[in-house]
Amino acid sequence: MLLANKMTHRGLTYLADRFTDGRGLLGLRLGHLNTLTISTPLMAKQALKIHDVVFSNRPASIAITYLTYNRADMAFAHYGPTWRHMHKLCVTKLFSHRHKNSWFSVRREVSSTVVVISNCSGRPVCIGEMIFSLAKNIIFSAAFGSHSHGNEDLIGIIQEFSKLFGAFNIGDFFPWLRWLDLNGLNKRLKKARLELDYFIDKIIEEHRENPKAKDDVNRDMVDEMLDFLKDTEVIGKSNFGQAEELKNLGLTRDNIKAIIMDIMFGGIETVASAIEWAMAELMSCPNERHKVQTEIAEVVGLNRRVEESDLDKLTYLNYVVKETLRLHPPIPLAPHETADDIILDGRFVSARTRVMINIWAIGRSKSAWKDPDAFRPSRFAIGERKAAHRDFRGSSFEFIPFGAGRRSCPGMQLGLYAMELALAELLHCFDWELPDGMSSSELSMEDSFGLTVPRAFRLVAVPTLRLTCPLEI
Ligand code: HEM
């Protein structure tokens, strides 16, 4: 149990501070596995840039293997030709800025969330839940062309997936103890995958029943993937699970299910937790909230909604986004694995070492950031001279909320756009107060640990309409 507590982003940061002399490489032999945690910008650059190819595999924990249909997905596949094919498909069909359907979904979903909130003006609103629902709708319509399949259940399942992906499983390190299932994870894994299967099957069935022509502009990534399978003519539900290699792409039906799972999981909780943390930080720092709201009012004016073309002019909002992702990177520990033996900072690291890039620790590194635990968006403007030029596109290793190198996040542009537009609209359309006279210093900033780190307690606040124009969609 003690070990499990130490294997979180905070626990590993504490161990690295204590035992690595500031060098940021913490090696632990746990049972039959070698693990390495990287906690400094310098070492992250070594692993994710200089030796990127060696560090581009993913570890196969029991949870990862089971939840990803035996690693048939992209996010947890080893680096190689199959990963490259799946990556290309996702980039062209979902993430590319040119794929305007994804971008349109963000605008439409943000807009309808604002309308829902406006109906609750003057009353406490669970912002956390609304944002989660917003992120879910964005990803569903951008990636799967549909809207909702039983919202509440899905959110719970995704949260459970995150916990299971990040959970410390004693069976990973001591395989001979696996059958005992000391942490009771096996049962939870089975239940979670079965429950998510229901949603994924539904998405696939809907696409099969409504096939779209090759030149249909509304084709999404599921249509595209199903086309790869057409040759086999055996897409019936009962056949899912068989690993039929397709000649042209090597995609199997398990790949399709697993990629859908990646997108659901990778896209929903990351975006939702980033927006919720930004709102929480702004609720606990009223001055900062006021600064962003003033900027948006000046650029946009209170007589209209925020548009995509305004975002580039909202500089302070952009600093708020950066500062939130620095303090609360949605994926605090990026899981990697070495493909070969390598010497890192004079230290031998064997092939198949499980590597965790501690993105959370790097963003709070005392040597890289002044006052690292403070929420101070202005640091990206004039604060520290060095910080002003740091961005998250993978070239500033002090700041890597989306990772860096080959395995960096392919959803970055979509995630950032969703985050910026949602925040801009929430702050522009409404004034916000904490409920029941709660003061900003009383707001809890506790996080909960999984593969992602959402807030431990959902954010609740009271909106009051601020705009002078109607809010129609
Ligand atoms: C604020 C939003 C987001 C953040 C901060 C974020 C962060 C990350 C991080 C840290 C990684 C791992 C990088 C590494 O291992 O070095 C990652 C990978 C990934 N993300 Fe995101 N992400 C976000 C949004 C999204 C969205 C919207 C999607 C999909 C719709 C997505 C899909 C993925 C996928 C599929 C991977 C695995 C890539 C691979 O292994 O090749 N992410 N993300």
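In the block above lies the structure referred to throughout.
Just so it is clear, the structure is predicted and the values come from calculations on it, not from any experiment. Along each chain, numbering runs from 1 in the same order as the chain's sequence is written. With pLDDT at 70 or above as the cut-off, local features in this predicted model cover only qualifying residues; side-chain atom pairs require 80 or more to be listed or tallied, and sums for whole chains, interfaces and linings still use all residues.

## Remarks on the nonpolar core
Thought 1: To form a nonpolar core, buried Ala, Val, Leu, Ile, Met, Phe, Trp, Tyr and Cys residues must be joined through C-beta atoms within 7 Å. Counting other C-beta atoms within 10 Å of a residue's C-beta gives its exposure: the residue is buried at 20 or more, exposed at 12 or fewer, and partly exposed in between, where C-beta atoms are placed from the backbone. Ranked by size, the top nonpolar core spans 133 residues in total, and within it A135, I275, I357, A418 and L423 carry the most contacts.
Thought 2: Runs of H or I in DSSP of at least four residues are treated as helices and runs of E of at least two as strands, each being numbered from the N terminus. Broken down by element, this core gets its largest block of residues, 19 residues, from helix α12 (residues 253-284).
Thought 3: Not counting residues up to four positions away in its chain, the partners in contact with A135 are I268, V271, A272 and A418. Our contact criterion uses C-beta atoms placed from the backbone: two residues qualify when those atoms are within 7 Å.

## Thoughts on the site of the ligand
Thought 1: Near, as applied to residues and a molecule or strand, means the residue's backbone-placed C-beta atom lies within 6 Å of it. Near the ligand lie 27 residues; those nearest to it are G266, G267, G403, G411 and G415.
Thought 2: Contributions of two or more residues to the shell around the ligand are made by α12 and α16 (412-429).
Thought 3: At seven residues, α12 tops the list of elements feeding residues into the shell around the ligand.
Thought 4: Class assignment for the residues of the shell around the ligand results in 17 nonpolar, eight polar and two charged. Just so you know the grouping, Ala, Val, Leu, Ile, Met, Phe, Trp, Tyr, Cys and Pro go in nonpolar, Asp, Glu, Lys and Arg go in charged, and all remaining residues, Gly too, go in polar.

## Quick notes on the sheet that holds strand β4 (residues 333-337)
Thought 1: Strand pairing follows a simple DSSP-based rule, namely that at least 2 bridges must link the two strands. Pairing in this open sheet of four strands is mixed, and the strands run β1-β2-β7-β4 from one edge to the other. Each edge of the open sheet carries a strand with a single partner, namely β1 (25-30) and β4. Going from strand to strand, the sheet's axes swing by 20° on average, the running direction of each strand aside.
Thought 2: Pairing of β4 with strand β7 (residues 354-358), which is carried by five bridges, proceeds in the antiparallel orientation. Residue H336 lies in a different strand from β7, and its bridge partner there is V355.
Thought 3: Only C-alpha atoms enter the line fits that serve as axes; for helices the fit covers just the stretch in contact. Angles between N-to-C directions range over 0 to 180 degrees. Running at roughly 130° to β7, helix α3 (residues 41-50) makes contact with β1, β2 (33-38) and β7 of the sheet.

## A closer look at unusual backbone geometry
Thought 1: Its identity is not glycine, yet D21 carries a phi of approximately 60°, on the positive side.
Thought 2: One can find D21 in the loop between α2 (9-19) and β1.
Thought 3: According to the C-beta neighbour criterion, D21 is exposed, with 9 such atoms within 10 Å.
Thought 4: Unlike most non-glycine residues, D436 shows phi in positive territory, near 50°.
Thought 5: Of note, D436 is situated in the loop between β8 (430-433) and β9 (460-465).

## Remarks on the environment of R289
Thought 1: With respect to the helices and strands, R289 occurs in helix α13 (residues 286-300).
Thought 2: Assessed through the 19 C-beta atoms surrounding it within 10 Å, R289 is described here as partly exposed.
Thought 3: On a C-alpha basis, the gap between R289 and A278 in space is 9.9 Å, while along the polypeptide they are eleven residues apart.
Thought 4: Residues in contact with R289, not counting those within four places in the same chain, are L282 and M283.

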